[in-house]
Amino acid sequence: MPAVLKPLSSSSAESTRSAASIQSVAAALLAAAVVVGFLYFGRDVLIPVALTALISFALGPLVSVLRRFVGLKAAVALSVLVAVLVVGGLTFLLAWQLTDLAANLPKYRSNLHQKIEELRGGGGVLADAVGGVRELIGELTRPQGAAGTAAPGASAPPPPPAPAAAVMDGTALDIVASFLLPVVVPLLLMGLIIVLVVFMLLEREPLRDRLIHLISRGDISRTTEAINDAVSRLSRFLAMQVLINISYGTTIAIGLWLMGMPNPLVWGLLGGVLRFVPYAGAVIGALVPTLVAFAVSPGWTLPLMTLGLIVLCEVVAGQVVEPLLYGSSTGISPLAVLISTITWAALWGPVGLLLAMPLTVCLVVIGRHVPQLAFLDILLADEPALPVEAQIYHRLLAHSPFDAIEIAVEYARESGSPALFDKVLLPLLVLAETDRRRGALDSERQSLVAEGIEEIVDTARDELDTAASDGEEAAVVSPPASNAQVLCIGGRSDLDRAAAVLTAAALIHRNIPARVHALRELAVAAAQDPAPQPSVVAFCVLLPGSATVINHLLRRLRLHGVRDVPVVIGAFGAEIGQAAGGPASPPYPIARTVSDVCDLVANAAERREKAA
């Protein structure tokens, strides 16, 4: 009976865990749906609040500076007044320039007609391409059965209806409202936002205290750290973005003015403002002035120069200046920026495009400091989700050795071979040995990982040698260890042999000759190739578990003919200290890292030479 009840109990526990997992996933999906619905249906209230918070973050540093001289209320009033004057002045300047542009556009009608005629009848690749597209559109839009004429029996299209007199329904109040509402509603929204900004700046510290009291749950230190992190990131990001976009717009305006483009201030302002919108803003800021230059110029030089200038400025600003000033300060990956931009635009429209980056920064900070929302930091942050050793291990198991080699070589170039061996490849092997012991890594994949490690070691060594010969990196090696011959032996499995390969590579990097064998193949190798007796033996084993295991492996080593030779034990990923000094303690020095093994080997070789 007990033998029957045990499987039933295990099955019941497994089904309970499965049901709990399904319930947790369902609860998470339901919570996500509620949050998305709240953001979408509550956008009329949330958008002004979000804009207010964003403006408050932008004006916060200015208020802090002015507060030292004139007090809080006067500092808030001056900061808001400066912001209103700047925005109002830029709006007036933009409207004035746009009015001037609209007044001059009819003068450029002849240029448009000329370019259209060139595209229609002129030769060249562009004209042929336009003609081919026009013919294709004609074929696609031609009625079925038509071959230049109307299809038999097809009725002619009805004539356009005669224009009728406009009938004006409704009262005068409706007419006035239809004209005033599009103007009054944005003005009221702007006034509301200004008032909210004033009160939010005045109540900034009390609001922070309330927020800490609401979400801290007694952990004031962590909550304060999260709020400070969010404020710091947003303030730094907004300040740097304003500075970069002002410089970008100024450069565009000056460049277009020098090229003779009319109304350069419009295009400088437009480009600087649109750069606040990720991705789409830069495209619109380049497309609109290029189209205007197409209409203004009688030739093709000005449109091409305009497009080239804007693209050049965008490349410099996006690929050089931004990474230098705040490249990783936001902590968001480029893919997360793109996805968040699409998401916020779908939820909140054009305002969502403007708020996408600040809101995503807040989500990353929340995920970094709130354990229950850590998935936000994993999905959105620009930091690697896995450590380097886990990245390489994953790619080896996924049969992508070239990707694994690329990651390892890049790490070796930055940190050097010793760091690659001790901090990346050795933890990788310990991770693989752990999987092997719990039955998650079969023999085939063990061999795959071991072979990948050997290939990584060879490639990394070749790359670093090439870099050193080219003068890119100075080779760091120890003086030659005379004629010492080191035999590196792997204990039990292919993974132990890979650890021996790491040790041999580290010794060779120190200019100490070394060769590698597995323990099980040692006798066969000695019979086929009777090499000279080694000076030192480096015995490598992963997770040995106890000193008793190491002693057992050492006895097998002596049975294979290795006697009267200094032995250094590399017991990687395990603590053997609990047995040290006891009767089962190994009689040889134990090292925990590849670098320590190399130091012990060098010392043992030196003592052996002196004794000889």
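The following paragraphs examine the structure supplied in this document. (Residues numbered from 1 in each chain as written. Predicted model: local features only at pLDDT ≥ 70, side-chain atom pairs only at ≥ 80, totals over all residues. Heavy atoms only, no water.)

Check the secondary structure of the chain and you find 22 helices and 5 strands. Taken over 612 residues, the chain has a buried fraction of 35%. Long-range pairs, those at least 24 residues apart, make up 71% of the contacts in the chain with a sequence separation of at least 6. (Helix = DSSP H or I, 4+ residues; strand = E, 2+ residues; numbered from the N terminus. Buried < 20%, exposed > 50% of the residue type's maximum accessible area, 1.4 Å probe, protein only. Contact = heavy atoms within 4.5 Å.)

Put plainly, a disulfide is one covalent bond tying together the sulfur atoms of two cysteines. Scanning the model with the defined rule gives 0 disulfides in all. Free cysteine C540: the closest other cysteine sulfur is in C488, separated by 5.7 Å. You can see C598 has no disulfide; the closest cysteine sulfur is in C488, sitting 7.9 Å from it. (Disulfide = S-S within 2.5 Å.)

Counting residues in hydrophobic clusters, the biggest one holds 55 residues, and the most contacted among them are I392, L425 and I453. With near-sequence residues (within four places) excluded, I453 lies in contact with L425, L428, L429, A498 and L502. Core analysis: the next-biggest nonpolar cluster, separate from the first, contains 33 residues, L51, V197, L359 and V361 among them. (Core = buried A, V, L, I, M, F, W, Y, C linked by side-chain atoms within 4.5 Å.)

Tracing the sequence through the fold places T503 in helix α19 (residues 494-509). Other than its neighbours up to four places away in sequence, T503 contacts C488, A538, C540, F572, V594, V597 and C598.

A few words on a negative patch on the surface. A cluster of like negative charges, contributed by D403, E406, E410 and E414, occupies part of the molecular surface. Along the chain, E414 falls in helix α16 (residues 401-415). For E414, a relative accessible area of 61% corresponds to the exposed category. (Patch = residues over 30% accessible without salt bridge, like charges linked within 9 Å, V, L, I, M, F, W, Y side chains within 5 Å. Areas by Shrake-Rupley, 256 points an atom, 1.4 Å probe, with all protein chains shown as cover. Salt bridge = Lys/Arg side-chain N within 4 Å of Asp/Glu carboxyl O. Lys, Arg positive; Asp, Glu negative; His and termini not counted. Charge placed at Lys NZ, Arg CZ, Asp CG, Glu CD.)

Applying the stated criterion across every chain yields a total of 2 aromatic pairs. With 5.2 Å between their ring centres and 55° between their planes, W344 and W348 make a pair best called tilted. With W344 and W348 both in helix α12 (residues 334-348), this residue pair falls 4 residues apart, about one helical turn. A cation over a ring is seen here: R43 above Y40, with NZ or CZ 4.2 Å from the ring centre. Lying across the ring of Y248, R275 places its NZ or CZ 5.1 Å from the centre. (Phe/Tyr/Trp six-rings, centres within 6.5 Å; stacked < 30°, edge-to-face > 60°. Lys NZ or Arg CZ within 6 Å of the ring centre and 35° of its normal.)

Let's shift gears to the environment of S535. In this fold, S535 is placed in the loop between α20 (522-528) and β3 (536-542). Accessibility expressed as a relative area gives 17% for S535, which makes it buried. A C-alpha to C-alpha distance of 8.8 Å links S535 and E609, two positions 74 residues apart in sequence.

This part covers the sheet that holds strand β2 (residues 514-518). Here 5 strands make up an open sheet; going across it, the order is β2-β1-β3-β4-β5 and the pairing parallel. Of all strands in the sheet, those bounded by a partner on one side alone are β2 and β5 (590-591). When strand β4 (residues 567-572) meets β5, the two strands line up parallel, connected through 2 bridges. Residue pairing across strands places G570 opposite A591, the latter belonging to β5. Against the sheet, helix α21 (residues 547-559) touches β1 (486-490), β3, β4 and β5, its axis set at about 135° to β3. Sitting on the sheet, helix α22 (residues 594-611) touches β1, β3, β4 and β5, and the angle it makes with β4 is about 175°. (Pairing = 2+ DSSP bridges. Axes fitted to C-alpha atoms, helices over the stretch in contact; angles between N-to-C directions.)

Another aspect to go through is the pairing of β2. Direction of pairing for β1 relative to β2: parallel, over a ladder of 5 bridges. In the strand pairing of β2, L487 is matched with R515. Following the backbone out of β1, through α19 and into the adjacent parallel β2, one traces a crossover that is right-handed. (Right-handed = clockwise from strand over helix to strand, strands pointing away.)

Before going further, it helps to spend a moment on helix α13 (residues 350-369). For α13, with 20 residues, the first-to-last C-alpha span of 30 Å sits near the 28 Å given by 1.5 Å per residue. By the burial criterion, the buried members of α13 are G352, L355, A356, M357, P358, L359, T360, V361, V364, V365, G367 and H369. Here the buried face of α13 lies against α2 (43-70), α8 (220-259), α12 and α14 (374-380). (Expected span 1.5 Å × (residues − 1).)

Right, let's talk about the pattern of salt bridges for a bit. Scanning all chains against the criterion turns up 7 salt bridges. A salt bridge links R510 to D599, with the shortest nitrogen-to-oxygen separation between them at 2.5 Å. Taken together, the residues span a long stretch of sequence, with R510 in the loop between α19 and β2 and D599 in helix α22 at a distance of 89 residues. D599 sits in the partly exposed class, given a relative accessible area of 33%. Among the charged side chains, a network of salt bridges with common partners joins E433, R436 and R437.

What follows concerns unusual backbone geometry. Note: most residues except glycine have negative phi, and most peptide bonds are trans. Even without a glycine there, the phi angle at H399 is positive, about 60°. Along the chain, H399 falls in the loop between α15 (388-397) and α16. With a phi close to 70°, N511 is a non-glycine residue in the positive phi region. Relative to the assigned elements, N511 resides in the loop between α19 and β2. The class for N511 is partly exposed, based on a relative accessible area of 39%.

The next point concerns a nonpolar patch on the surface. Together, V65, F69, V70, L78, L81 and L85 make up a nonpolar patch on the protein surface, roughly 590 Å² of accessible area in all. Put simply, the parts of the chain that give the nonpolar patch at least two residues each are α2 and α3 (72-104). In this fold, L85 is placed in helix α3. On the basis of relative accessibility, which here comes to 55%, the residue L85 falls in the exposed class.

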